[in-house]
Amino acid sequence: MRAKRPTLLLLSLALALAGSGRPLLADTRPAPPAERVRTDVARLAGEEWRGRRAGTPGADAAADWIASELGRIGLLPAGDAGTWFQSFSFIDGVDLGPGNRLSVAGRSFAAGRDFRPLAFSSAGAAAGEAVFAGYGIVARDLGYDDYEGLDVADRVVLLLRYGPGGDDPRSKWAAFMPLRLKVATARDRGAQAVLVVTGPLTPGAPDELVRLRADASLADSGLPAFTVTRAVAGALFAGSGTTLEARQRRIDESAKPAPLPLPGPRLDAVADLTPRRSATRNVVGLRPASEGGSGEAVVVGAHYDHLGTGASGSLDPAPDGKVHPGADDNASGVAGLLELARRFAARGEPLRRSVYFVAFGAEELGTLGSSHFVKSPPLPIERVAAMFNLDMIGRLREDTLDVHGVGTSPAWKPLLEEANRAAGLVLRPHEGGYGPSDHSPFYAAGRPVFFVFTGNHSDYHRPSDTADKVDASGILKVVGLLEPLVAGVANAPAPIAFTRVAAEMEPGASGGRGFRVWVGGIPDYGREGAGVAFTGVSPGSPAERAGLRRGDVLVRFGPRGIRNIYDYTYALAGHEPGDRVTVVVERDGREVGLELVLAARPSARR
Ligand SMILES: [Zn+2]
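These remarks concern the structure in this document. Predicted model, so just to flag it, every value in this text is computed and none were measured.

## Focus: the overall build of the chain
Inference 1: Looking only at helices and strands, the chain features 13 helices and 27 strands.
Inference 2: The C-alpha radius of gyration of the chain comes to 26 Å, within 12% of the 25 Å expected for a compact globule of 606 residues.
Inference 3: Counting over 606 residues, the chain shows a buried share of 57%.
Inference 4: Of the roughly 23600 Å² of accessible surface on the chain, 52% is carried by carbon and sulfur atoms.
Inference 5: Distance between charge centroids for the chain: 1 Å, based on 70 positive and 69 negative side chains.

Here it is as structure tokens:
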């Protein structure tokens with residue numbers, strides 16, 4: 001929980017005490033709407049808040065500002081314990097402890113110089129003999145297996161980074177180079193620890209340690225894993241009659257594996273690292289229903305966080321230290337949210353359902369804020385009549401708007417037609433309710449969703465997504481479409497019905513080359529424990545036919561253990577449509593085996 005500004009606390013208190021169910025404060029600024037929207041976008045995307053990465057002071061300041069705006073507009077605070085905020089924590093990286101050690105045959109190496117745990121290493125100790133398993137690649141399609149004839153059970157596996165010939169991303173080995181995949185492959189063969197070294201013959205790759213940078217998954221790899229220099233590898237090769245360089249040359253020249261047990265020198269290592277937790281907040285404002293309302297609510301949401309100074313998620317080739325303003329993504333959506341909140345606060349007509357206006361945190365880290373909201377909603381989630389998501393609405397071109405989720409309720413199409421009569425936009429409808437943004441967790445929880453998006457562009461996730469490129473009048477046109485839609489759902493005589501869209505692709509499941517198969521289980525990206533939890537299952541999908549359920553935690557996929565989302569993605573990448581796979585899920589504390597028949601991926605919808 002973070003300290004709140006006293007002025008804000010007083011304002012919240014005043015509003016809470018005065019809360020008669022009717023907005024009290026009117027926004028009296030004289031600025032015309034387009035000017036106001038432009039100012040809001042510029043403010044959020046300004047240098048001062050440093051790209052609003054969740055867990056940074058910039059994101060906190062942006063959340064405070066949004067809360068003060070919602071208060072000024074006349075909404076009521078509807079976060080934790082009468083505040084504007086819902087706080088939640090997340091794993092934001094790892095910290096190295098003082099206990100990292102590594103020695104070979106009694107010779108100690110220096111942590112940080114000669115070795116370091118990888119960011120996704122488990123904490124723990126390893127001791128024993130090593131084996132050299134080449135590049136650590138098992139590529140059945142290519143007839144290549146670095147583990148052929150090699151027993152690695154309970155051994156420490158020494159691996160080369162990259163693939164034969166180097167780190168060319170266009171090479172046929174590229175799909176097998178990720179370190180997470182290499183470590184999981186060794187783990188599935190019973191290795192007790194993994195060491196990774198950059199080969200002396202790898203072109204343009206100096207003898208450096210891999211940087212300690214956490215990736216998007218919150219779960220570790222299940223065994224200690226280290227990056228080491230050639231000095232450490234050399235010590236393990238002592239007495240083998242050959243060298244790391246000679247082995248690498250043999251593999252590179254023949255394109256054939258050259259595994260080698262390295263008996264003799266004993267390795268002792270300890271990985272001491274702890275996950276670093278950070279906290280961030282959703283901002284929640286309420287426009288209450290009129291007297292005698294239905295007890296239900298509509299949620300309108302837009303994430304306010306972005307990529308900060310580019311540590312992860314950036315598409316810039318050299319992003320470090322550059323502010324990523326995120327003006328379209330998603331200062332534009334927050335500006336639209338505030339504008340909608342102003343209109344609903346000023347609305348004279350009664351409302352049957354309350355409207356929650358929510359600025360979500362940590363969307364860029366895996367829709368963490370919206371997932372938190374769905375898990376800890378201010379009212380039971382079944383009473384959320386629908387969720388509207390505004391994410392990237394600042395680049396309206398030729399009045400064309402993508403609208404997603406139109407298949408998630410039979411009510412959407414008639415409502416949309418009606419609403420667009422006045423708005424006059426060219427709508428591009430998409431049925432599906434899943435997508436890489438904050439509506440997804442609501443859809444997975446069985447709520448109708450509606451997501452607006454003005455389309456992708458070359459500034460996406462780059463430092464060039466700046467406020468001057470955002471079209472304020474376009475945002476107002478989108479708001480003009482949403483206002484009657486939100487009001488229509490809020491005032492509908494009965495809650496609108498929910499429908500699941502058949503044969504929908506799971507979100508974010510794009511594991512690179514060779515990713516051809518479809519399961520239809522929707523992974524929970526915010527999960528911190530081992531395994532992959534499913535927040536939903538698509539109708540008609542292989543997952544549904546196999547009997548997979550919402551809440552199941554996948555722990556085994558064929559021969560592979562599944563510790564995290566990476567393991568799952570890599571497991572899928574090795575399969576073809578039509579393959580039968582036995583999977584194991586944890587359900588109500590028991591392990592359940594299921595038989596999956598994989599299907600071809602339905603074509604992408606956007
Ligand atoms: Zn984004």
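## A few points about helix H6 (residues 244-254)
Inference 1: For H6, the complete set of buried residues consists of Leu 244, Arg 247, Gln 248 and Ile 251. The buried side chains of H6 occupy one side of the element, clustering within an arc of 95° when seen end-on.
Inference 2: The elements touched by buried residues of H6 are strand S6 (124-132), strand S8 (144-145), strand S9 (156-160), strand S10 (193-197), helix H5 (230-237) and strand S12 (260-271).
Inference 3: Positive backbone phi, approximately 50°, marks Ala 255, located one or two places after H6.

## Points about the coordination of the zinc ion
Inference 1: Within the protein, the zinc ion binds to Asp 329 (OD), Glu 364 (OE), Glu 364 (OE) and His 461 (NE2); these donor distances fall in the range 1.9 to 2.6 Å.
Inference 2: Classification of the site at the zinc ion as irregular follows from its 4 donor atoms and the range of 54 to 144° in their angles at the metal.
Inference 3: Coordination of the zinc ion draws on donor residues from a single chain, spaced D-x34-E-x96-H in sequence. You can see Asp 329 sitting in helix H7 (residues 327-346) and its partner His 461 sitting in the loop between strand S19 (449-453) and helix H11 (472-491), a full 132 residues away along the chain.
Inference 4: By relative accessible area, which is 2% here, Asp 329 ends up buried.

## Thoughts on the side chain of His 303
Inference 1: Position of His 303 among the secondary structure elements: in strand S14 (residues 297-303).
Inference 2: Within polar-contact distance, the side chain of His 303 engages the backbone oxygen of Asp 305 at 2.9 Å.
Inference 3: In contact with His 303, other than residues within four places in its own chain, are Asp 329, Asn 330, Val 334, Phe 360, Glu 363, Glu 364, Leu 390, Asp 391 and Asp 438.

## A few points about the environment of Ala 111
Inference 1: Mapped onto the secondary structure, Ala 111 falls in the loop between strand S4 (107-108) and strand S5 (115-117).
Inference 2: Remark: the alpha-carbon pair of Ala 111 and Val 358, spanning 247 residues in sequence, is separated by 45 Å.

## Details of the packing of H7 against H11
Inference 1: Where H7 meets H11, the axes come as close as 10 Å, and the angle between the chain directions of the two elements is 50°. Comparing their axes, H11 and H7 come out oblique. The handedness of the crossing between H7 and H11 comes out as right-handed. Contacts between H7 and H11 involve Ser 332, Gly 336, Glu 339, Leu 340, Arg 343 and Phe 344 from the first element and Ile 475, Leu 476, Val 479, Gly 480, Leu 482, Glu 483, Val 486 and Ala 487 from the second.
Inference 2: Its residues assigned to classes, the contact of H7 with H11 comprises 8 nonpolar, 3 polar and 3 charged.

## Observations regarding the nonpolar core
Inference 1: By size, the foremost hydrophobic cluster in this structure holds 67 residues, and its most contacted members are Val 283, Phe 388 and Phe 450.
Inference 2: In this view, Phe 450 contacts Met 387, Phe 388, Asn 389, Val 403, His 404, Val 406, Trp 412, Leu 416, Leu 482 and Leu 485; residues no more than four positions away in its chain are not counted.

## Some details on the pairing of S12
Inference 1: Two strands pair when backbone bridges link them, and strand S3 (residues 101-104) and S12 are joined in this way by 4 bridges, in the antiparallel orientation. Paired with Ser 103 across the strands is Asp 268, a residue of S12.
Inference 2: Here 8 bridges tie S6 to S12, and the two strands are oriented antiparallel to one another. Directly across from Val 131, in S12, lies its bridge partner Pro 261.

## Observations regarding the pairing of strand S13 (residues 273-287)
Inference 1: Bridge count between strand S1 (residues 76-77) and S13: 2 bridges; the pairing is antiparallel. Bridge pairing in S13 places Pro 77 opposite Gly 285.
Inference 2: Note: strand S2 (residues 85-96) against S13, 10 bridges, orientation antiparallel. Paired with Asp 95 across the two strands is Thr 274, which belongs to S13.
Inference 3: Looking at chain direction, S13 and strand S15 (residues 354-360) are connected through 5 bridges and run antiparallel. Pairing of Arg 287 across the sheet is with Val 355, part of S15.

## Some words on the packing of aromatic side chains
Inference 1: Within this structure, the stated rule accounts for 16 aromatic pairs.
Inference 2: Note on Phe 451 and Phe 453: the rings are 5.9 Å apart at their centroids and 20° apart in plane angle, and the pair reads as stacked. The same class applies to Phe 451 as to Phe 453, namely buried.
Inference 3: The ring of Phe 85 carries Arg 281 above its face, with NZ or CZ at 4.0 Å from the centroid.
Inference 4: In this arrangement the basic side chain of Arg 500 is found over the ring face of Tyr 443, its NZ or CZ atom lying 5.3 Å from the centre.

## Some points on the pattern of salt bridges
Inference 1: Scanning the entire structure with this criterion turns up 33 salt bridges.
Inference 2: A salt bridge links Arg 36 to Glu 339; its shortest N-O distance comes to 2.5 Å. Here the residue Arg 36 occupies a position in helix H2 (residues 33-44), and Glu 339 occupies one in helix H7, the gap between them amounting to 303 residues. With respect to class, Arg 36 is no different from Glu 339; both count as buried.
Inference 3: The salt bridge involving Glu 483 is made with Arg 343; its shortest N-O contact spans 3.2 Å. Within this pair, whereas Glu 483 is found in helix H11, its partner Arg 343 is found in helix H7, the two being separated by 140 residues in sequence.
Inference 4: In this structure Glu 483 comes out as buried when scored by relative accessible area, which is 18%.

## Here's the deal with helix H8 (residues 368-375)
Inference 1: Most of H8 sits out of view: 7 of its 8 residues are buried.
Inference 2: Looking at the buried positions of H8, the neighbouring elements they touch are S2, S13, S14, S15 and helix H10 (439-444).

## Considering the side chain of Arg 353
Inference 1: Here Arg 353 lies in the loop between H7 and S15.
Inference 2: By relative accessible area, Arg 353 is classed as buried at 0%.
Inference 3: There is a polar contact of 2.7 Å between the side chain of Arg 353 and the side chain of Glu 296.
Inference 4: Non-local contacts of Arg 353, meaning those with residues more than four positions away in its chain, are made with Ala 289, Ser 294, Glu 296, Ala 297, Ala 385, Val 489, Ala 490, Asn 491, Ala 492, Pro 493, Ala 494 and Pro 495.

## Re the sheet that holds S6
Inference 1: One open sheet holds the 8 strands; their spatial order is S4-S3-S12-S6-S9-S10-S11-S5, and the pairing between them is mixed. Of all the strands in the sheet, just S4 and S5 have a single pairing partner and so form its edges.
Inference 2: As paired elements, S6 and S9 share 3 bridges and run parallel to each other. Looking at the pairing, Phe 132 lines up with Leu 158 of S9.
Inference 3: Sheet contacts for H5: S3, S4, S6, S9, S10, strand S11 (225-228) and S12; angle to S12, the most-contacted strand, approximately 135°.
Inference 4: Sheet strands in contact with H6 are S6, S9, S10 and S12, and its direction is about 60° off that of S6.

Reading the values: the criteria
Residues numbered from 1 in each chain as written. Predicted model: local features only at pLDDT ≥ 70, side-chain atom pairs only at ≥ 80, totals over all residues. Heavy atoms only, no water. Helix = DSSP H or I, 4+ residues; strand = E, 2+ residues; numbered from the N terminus. Rg over C-alpha atoms; globule rule 2.2 N^0.38 Å. Buried < 20%, exposed > 50% of the residue type's maximum accessible area, 1.4 Å probe, protein only. Areas by Shrake-Rupley, 256 points an atom, 1.4 Å probe, with all protein chains shown as cover. Lys, Arg positive; Asp, Glu negative; His and termini not counted. Charge placed at Lys NZ, Arg CZ, Asp CG, Glu CD. Arc of directions from axis to C-beta. Contact = heavy atoms within 4.5 Å. Donors = N, O, S within 2.8 Å, 3.2 Å for Na, K, Ca; no water. Tetrahedral: all angles 85-135°; square planar, octahedral: opposite > 155°, others 65-115°. Polar contact = N/O pair within 3.5 Å; in protein donor to acceptor, adjacent residues only side chain to side chain. Axes fitted to C-alpha atoms, helices over the stretch in contact; angles between N-to-C directions. Parallel < 35°, antiparallel > 145°, perpendicular 65-115°, else oblique. Left-handed = near helix turned anticlockwise from the far one by under 90°. Nonpolar A, V, L, I, M, F, W, Y, C, P; charged D, E, K, R; others polar. Core = buried A, V, L, I, M, F, W, Y, C linked by side-chain atoms within 4.5 Å. Pairing = 2+ DSSP bridges. Phe/Tyr/Trp six-rings, centres within 6.5 Å; stacked < 30°, edge-to-face > 60°. Lys NZ or Arg CZ within 6 Å of the ring centre and 35° of its normal. Salt bridge = Lys/Arg side-chain N within 4 Å of Asp/Glu carboxyl O.

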